[in-house]
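Fold and contact review
So the chains spell out like this:
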Amino acid sequence: MDLISGLIQDGSLQKAVFSVPPPGNADITRVDIRPVALEGEYRYQAEERRGTMVTHKNLNPAECAAYMELAAAVFKNAVLFTPDCDYYILKSKKGKVSVLRKPPSHTGPAGAEPHDRAKNYFFPDGTHEPFLSALGVMDAQGRVKPSRQKKFVQINRFIELMTNVLDVYAMDEPLDIVDYGCGKAYLTFAMEAFFRRVGRQVRVTGVDLKSSVLDECTAIAARLGLSDRIGFVTGSVLDARLPYTPNFVVALHACDTATDDAIVRAASAGARALLLAPCCQHELQHRLTSAPLEPVLRYGVQRDKMATLVTDTLRALMLESMGYAVDMPEFTPAEHTAKNVMIRAKAGGGRQNRAIDEIQALMNAFGLGETYLLNAIAKLV
């Protein structure tokens, strides 16, 4: 039924109730469906009643549409609640289906309700945010689109993690930020919006290799009146010509040694905070050797995971050796992506000498004589 698929696609379904099963059906007597946010994913929960027993199913949008189509074919009555109206789907004894529209009666908001725990997002669902609408995350009413739930969660999680490094800047200090590998610039725009809202002076430059994508981002910034605060530069992490020396560096999902290049450029610029989410840590994958861990390194998947752990640990230690305080929180839920760790660094660490010793010990443990990052940092000193 086009009505059902349409309500699922645009995310306007608040609730659905299917009742009055066919005669002789002693199984499911009623089904209630509502949207939920399940571990950051947009889902629909179907509550099935069998006498006094109630069971639940969590469905993705496509599964829910198919489920509701089947329920509409089985049950005689259905009510679909939306912010604009209630749809009554009625089936006659001869099987003729009619749809009636009535004024809206459901008081709940459109969109998913939190299934796990309430989240206090800086950019909340249901509150219009111009850049999120311009980038296709929200609709014109400020509701997060079902297909963009992951991105919405990622943006808010990034803002949450970012706030923990801001204490290294004076409240009236201008922030000059560079976002390496910015892609479609979701986080570039999010940082500008955050700092504008809290009254901080900021300039943000997004860097990426794809000039066509950056042209679109530049047009969006102009349309939103943000050209004096947001700009874009085409280039790699190493060769991008920045309009200023950044004091805050972001590089999310920069592939392989591009994360190391971001660390080098940040350190050479004297940046006081870095937010890095590495991916594709290939450099050390075939270089690791360790007699005690040979059974682990024997298998491809295990070797890949170990290379990731060693690579990112060495990055954290290198940052500590340069005077940064470092931690590595989870950036996004593991079910979103396996590359879900953020290296978060800010000036003011006190482990320089100990970190140098730990770097050497770790490299010896895995038979490493040098790394790309170690060589690059050595050239700075």
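Relevant structure appears above.
The notes below deal with the structure included here.

Conventions adopted
- Residues numbered from 1 in each chain as written.
- Predicted model: local features only at pLDDT ≥ 70, side-chain atom pairs only at ≥ 80, totals over all residues.
- Heavy atoms only, no water.
- Helix = DSSP H or I, 4+ residues; strand = E, 2+ residues; numbered from the N terminus.
- Buried < 20%, exposed > 50% of the residue type's maximum accessible area, 1.4 Å probe, protein only.
- Contact = heavy atoms within 4.5 Å.
- Areas by Shrake-Rupley, 256 points an atom, 1.4 Å probe, with all protein chains shown as cover.
- Lys, Arg positive; Asp, Glu negative; His and termini not counted.
- Charge placed at Lys NZ, Arg CZ, Asp CG, Glu CD.
- 1 Å grid on protein atoms, 1.4 Å probe; cavity = no way out; pocket = protein on both sides within 12 Å on 5 of 7 lines; lining within 4 Å.
- Points joined across faces, edges and corners; volume = space filled by probe spheres on them.
- Nonpolar A, V, L, I, M, F, W, Y, C, P; charged D, E, K, R; others polar.
- Pairing = 2+ DSSP bridges.
- Axes fitted to C-alpha atoms, helices over the stretch in contact; angles between N-to-C directions.
- Salt bridge = Lys/Arg side-chain N within 4 Å of Asp/Glu carboxyl O.
- Phe/Tyr/Trp six-rings, centres within 6.5 Å; stacked < 30°, edge-to-face > 60°.
- Lys NZ or Arg CZ within 6 Å of the ring centre and 35° of its normal.
- Core = buried A, V, L, I, M, F, W, Y, C linked by side-chain atoms within 4.5 Å.

A few points about the overall build of the protein
- The secondary structure content of the protein amounts to eleven helices and 15 strands.
- Viewed in the frame of its principal axes, the protein has a C-alpha envelope of about 85 × 55 × 35 Å.
- By residue count, 48% of the 381 residues in the protein fall in the buried class.
- Taking all contacts inside the protein whose residues are at least 6 apart in sequence as the whole, residues at least 24 apart take part in 64%.
- Total accessible area computed for the protein in this model is approximately 18,300 Å², and 54% of it derives from carbon and sulfur atoms.
- The distance from the centre of the 44 positive side-chain charges to the centre of the 43 negative ones in the protein is 6 Å.

Describing empty space enclosed by the protein
- Following the criterion strictly, the structure yields one cavity of 30 Å³ or more and no others.
- Here the largest cavity is characterised by a volume of approximately 100 Å³.
- For the largest cavity, the full set of lining residues is Asp260, Glu283, Leu284, Thr311, Leu314, Arg315, Met318, Ile359, Met363, Thr371, Leu373 and Leu374.
- Where the lining of the largest cavity is concerned, the elements lending two or more residues are helix 9 (300-321), helix 10 (352-365) and helix 11 (372-378).
- When residues in the lining of the largest cavity are grouped by element, the largest group, four residues, is from helix 9.
- In terms of residue class, the lining of the largest cavity is made up of seven nonpolar, two polar and three charged.

Some words on unusual backbone geometry
- Here Val20, not a glycine, exhibits a phi torsion of approximately 60°, which is positive.
- Mapping Val20 onto the fold places it in the loop between strand 1 (15-19) and strand 2 (30-38).
- Positive phi, normally seen in glycine, also occurs at Ala185, with a value near 70°.
- Positionally, Ala185 belongs in the loop between strand 9 (175-180) and helix 5 (186-197).
- Using a relative accessible area of 0% as the deciding quantity, one classes Ala185 as buried.

What about the sheet that holds strand 13 (residues 273-279)?
- With mixed pairing, the seven strands of this open sheet are ordered in space as 11-10-9-12-13-15-14. In this open sheet, the two edge strands, each paired with only one partner strand, are strand 11 (230-234) and strand 14 (324-327). Neighbour to neighbour, the strand axes of the sheet diverge by 15° on average, direction disregarded.
- Looking at chain direction, strand 12 (residues 248-255) and strand 13 are connected through six bridges and run parallel. Considered in strand 13, the bridge of Ala251 is made with Leu276.
- Most of the contacts of helix 6 (residues 211-223) go to strand 11, to which it runs at about 165°, and overall it touches strand 10 (202-208) and strand 11.
- Running at roughly 170° to strand 12, helix 7 (residues 258-269) makes contact with strand 9, strand 12, strand 13 and strand 14 of the sheet.

Quick look at the pattern of salt bridges
- One pass over the full model with this rule turns up 21 salt bridges.
- Here Glu47 and Arg49 are joined by a salt bridge, their closest N and O atoms 3.1 Å apart.
- Exposure remark for Arg49: the relative accessible area of 32% places this residue in the partly exposed category.
- The closest approach of N and O atoms between Arg203 and Asp176, which form a salt bridge, is 2.9 Å. In this pair, Arg203 sits in strand 10 while Asp176 sits in strand 9, placing the two residues 27 residues apart along the sequence.
- One salt-bridge network, in which partners are shared between bridges, spans Lys15, Arg30, Asp32, Glu47 and Arg49.

Focus on the packing of aromatic side chains
- The tally for this structure, following the rule as stated, stands at seven aromatic pairs.
- Geometrically, the ring pair formed by Tyr121 and Phe152 is edge-to-face, given 5.2 Å between the ring centres and 85° between the ring planes. Separated by 31 residues along the polypeptide, Tyr121 in the loop between strand 8 (113-114) and helix 3 (130-134) and Phe152 in helix 4 (residues 149-162) bring together distant segments of the chain.
- For Phe152, a relative accessible area of 3% translates into the label buried.
- Ring centres of Phe122 and Phe123 lie 5.0 Å apart, and the angle between their planes is 90°; this geometry places the pair in the edge-to-face category.
- Judged by its relative accessible area of 1%, Phe123 is buried.
- Through pairs of rings, three or more aromatic residues link up here, namely Phe122, Phe123, Phe131, Phe194 and Phe195.
- Between Lys102 and the ring centre of Tyr88, over which it is positioned, the NZ or CZ distance is 4.9 Å.

Focus: the nonpolar core
- With 46 residues, the main nonpolar core has Phe158, Met162, Ile177, Phe189, Phe195, Phe232 and Phe248 as its most contacted residues.
- It is helix 5 that provides the largest number of residues to this core, a total of eight residues.
- Other than its neighbours up to four places away in sequence, Phe158 contacts Leu187, Met191, Val250, Leu252, Leu275, Phe331 and Met342.
- Val237, Met306, Ile343 and Ile359 belong to the second largest nonpolar core, which has 41 residues in total.

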